[in-house]
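# Secondary and tertiary structure notes
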Amino acid sequence: MHEFSLCEGIIQQVKRANHNQLTNISQVNIEVGKLAGVDLNSLTFWFPIVAGKFNVPELKLKVIEQDGLAKCNCCLQQFHLINLFDPCPHCASYGDYQILQGREMLIKSFALDLASSK
């Protein structure tokens, strides 16, 4: 149910950004990091249900998944991080790194349906 709340938040943010209107929006584009703890199957399942709750059942969601990237504090190498607390593949140190990307969930854009006059 965590993803249900995320869908509500996405739609509310888009509504605010679009002067409290949703009926002229056809698609929301988001970027979700692989380390963000979001179940994308659940998110895409709940989105049309939540959109229907907001009276825009035709609203689509496009999800772009972002890989995890970290920089090791021991050997200073950057590497793709698949799971939190995986060891550095260069020096095998555990958890001693800075996560550079992959934990974010961002609304990147939304598409306006200019033909819509609802």
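Note that the coordinates shown come from a computational prediction; the quantities given were computed from them, not determined experimentally. (Residues numbered from 1 in each chain as written. Predicted model: local features only at pLDDT ≥ 70, side-chain atom pairs only at ≥ 80, totals over all residues. Heavy atoms only, no water.)

With that settled, consider helix α2 (residues 40–53). Between its terminal C-alpha atoms α2 stretches 20 Å, which fits the 20 Å expected from 14 residues at 1.5 Å a residue. Of all the bends in α2, the greatest, near 30°, is centred on phenylalanine 47, and the proline proline 48 appears no more than four residues after it. Where α2 is concerned, the buried positions are Leu40, Ser42, Leu43, Trp46, Phe47, Val50 and Ala51. Among the residues of α2, the N-terminal cap falls to aspartate 39, whose side-chain oxygen and the backbone nitrogen of asparagine 41 are separated by 3.0 Å. Following α2 by one or two positions, asparagine 55 adopts a phi angle in the positive range, close to 65°. (Helix = DSSP H or I, 4+ residues; strand = E, 2+ residues; numbered from the N terminus. Expected span 1.5 Å × (residues − 1). Bend = angle between axes of the 7 residues up to and from the residue. Buried < 20%, exposed > 50% of the residue type's maximum accessible area, 1.4 Å probe, protein only. Polar contact = N/O pair within 3.5 Å; in protein donor to acceptor, adjacent residues only side chain to side chain.)

Turning next to the pattern of salt bridges. Applying the stated rule across the entire model yields two salt bridges. In this structure, lysine 53 engages glutamate 8 in a salt bridge whose closest nitrogen and oxygen atoms are separated by 2.2 Å. One end of the pair, lysine 53, is in helix α2; the other, glutamate 8, is in helix α1 (residues 2–17), and 45 residues separate them in sequence. Among the salt bridges present, the one from aspartate 67 reaches lysine 34, with a minimum N-O distance of 2.8 Å. Linking aspartate 67 in the loop between β2 (60–66) and β3 (68–72) with lysine 34 in the loop between β1 (25–33) and α2, this pair joins segments that are 33 residues apart in sequence. (Salt bridge = Lys/Arg side-chain N within 4 Å of Asp/Glu carboxyl O.)

Take the state of the cysteines next. Summed over the entire model, instances satisfying the criterion amount to zero disulfides. Considering cysteine sulfurs only, cysteine 88 is the nearest to cysteine 75, which forms no disulfide, with 3.7 Å between them. (Disulfide = S-S within 2.5 Å.)

Moving on, we come to the packing of α1 against α2. In the contact formed by α1 and α2, the axes pass within 8 Å of each other and the chain directions differ by 55°. One finds that α1 runs oblique with respect to α2. α1 and α2 meet at a crossing whose hand is right-handed. For the pair α1 and α2, the contacting residues are Glu3, Phe4, Leu6, Cys7, Glu8, Ile10 and Ile11 in the first and Ser42, Leu43, Trp46, Phe47, Ile49, Val50, Ala51 and Lys53 in the second. Partitioned by chemical class, the residues of the contact of α1 with α2 number 11 nonpolar, one polar and three charged. (Axes fitted to C-alpha atoms, helices over the stretch in contact; angles between N-to-C directions. Parallel < 35°, antiparallel > 145°, perpendicular 65-115°, else oblique. Left-handed = near helix turned anticlockwise from the far one by under 90°. Contact = heavy atoms within 4.5 Å. Nonpolar A, V, L, I, M, F, W, Y, C, P; charged D, E, K, R; others polar.)

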